[in-house]
Structure formats: C-alpha cells, structure tokens
Amino acid sequence: TTFNSKLAIEGVVAVSSDVTLTNRRVHFVDTSAARSLTLPAPSASLYIVIKDSIGSCQTNNITLVRPGSEKIETVAASFTLNENLASWTIVSDGVDFFLI
C-alpha cells in the first residue's frame, strides 16, 4: 500500500527471535516467547508495522528497544507492546519515534 511516495510498504518479515526492525516492512512477530525488537535509526521516512501474529503478546511482551537516546512516544526508554493480536505502526520525525 502506498500512502505517498515516502511511505510505501516494501515487504513482509516473519520474526521469531530478537531482531533489528527493517524500515518499510510489516513484521509478523511470533509471540510464543517474549521478543526484543530494536528500532533502526530514526529518519523522516521511517514507517514500520508490527503485528502480534500468534496472539500471545499479553503474556510474552514485545519490547521496542531504542537504537540510541531517541524517545518512543515522548519517553526516553524502551516501550512495551502487550495487546494480543494487535498491530502497531511506528513512524519517526527524524529525531524520535511515534506509534500511530
């Protein structure tokens, strides 16, 4: 799906371990165990989708890890996703990260 020339999904990634997320990808996360997902460096064209594909995120949380001192949702710390079967879209303003 293309929202504009900067925000186009370029593929799907199956995630079954702790990884660094890839820009412009949908990440289907296997939550049969807790996962730590590191965000890439912020950029104005960053657009990442994360989906709990197993439905166990409430028990086995997904932790978003900052690549440096950036903020996630105005907080300078890792961010926990814990809603079964939910999906999250992450964007950046080139400095920090936001969930929409």
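Now for a look at the structure at hand. (Residues numbered from 1 in each chain as written. Predicted model: local features only at pLDDT ≥ 70, side-chain atom pairs only at ≥ 80, totals over all residues. Heavy atoms only, no water.)

1. Concerning the sheet that holds strand E8 (residues 87–92)
To summarise the sheet geometry, strands pair through backbone hydrogen bonds and adopt either a parallel or an antiparallel arrangement. The criterion, for reference: One requirement defines pairing of two strands: DSSP has to find at least two bridges between them. Secondary structure counts use DSSP, requiring at least four H or I residues in a row for a helix and at least two E residues in a row for a strand, with both numbered from the N terminus. For every element, the axis is a line fit to its C-alpha atoms; helices are fit only across the contacting stretch, and the angle between N-to-C directions ranges from 0 to 180 degrees.
The strand order across the open sheet built from 5 strands is E1-E3-E5-E8-E9, with neighbouring strands paired in mixed fashion. Either end of the sheet is taken by a strand with one partner, and the two such strands are strand E1 (12–15) and strand E9 (97–99). Direction aside, the axes of adjacent strands within the sheet are offset by 25 degrees on average. Examined bridge by bridge, strand E3 (residues 26–29) and strand E5 (residues 47–52) share 4 bridges and lie parallel to one another. Across the sheet, the residue bridging to Val29 is Asp52, located in E5.

2. Regarding the side chain of Asp52
The condition that has to hold: With a 1.4 Å probe rolled over the protein chains alone, any residue whose accessible area is under 20% of its type maximum counts as buried; one over 50% counts as exposed, and the rest are partly exposed. All tallies of charge rest on Lys and Arg as positive and Asp and Glu as negative; His and the ends of each chain are not included. In what follows, salt bridge is the name for a side-chain nitrogen of Lys or Arg lying within 4 Å of a carboxyl oxygen of Asp or Glu. Pairing of N or O atoms within 3.5 Å defines a polar contact, subject to two protein rules: one partner must be a possible hydrogen donor and the other a possible acceptor, and residues neighboring in sequence count only if both atoms are side-chain atoms. In this description, contact between two residues means that some pair of their heavy atoms is separated by no more than 4.5 Å.
Among the secondary structure elements, Asp52 is positioned in strand E5. Buried and unpaired, Asp52 has Lys51 as its nearest opposite-charge partner, separated by 7.0 Å. Within the local environment of Asp52, its side chain forms a polar contact with the side chain of Thr31, the two groups lying 2.6 Å apart. A polar atom in the side chain of Asp52 sits 3.3 Å from the backbone nitrogen of Ser56. The contact partners of Asp52, leaving out residues within four places of it in the chain, are Val29, Thr31, Cys57, Glu83, Asn84, Leu85, Ala86 and Trp88.

3. Quick notes on unusual backbone geometry
Positive phi values are uncommon outside glycine, yet Thr74 reaches one of about 70 degrees. Its location among the elements puts Thr74 in the loop between strand E6 (62–65) and strand E7 (79–81). The backbone of Leu85 shows a phi angle near 60 degrees, a positive value even though the residue is not glycine. Tracing the backbone shows Leu85 in the loop between E7 and E8.

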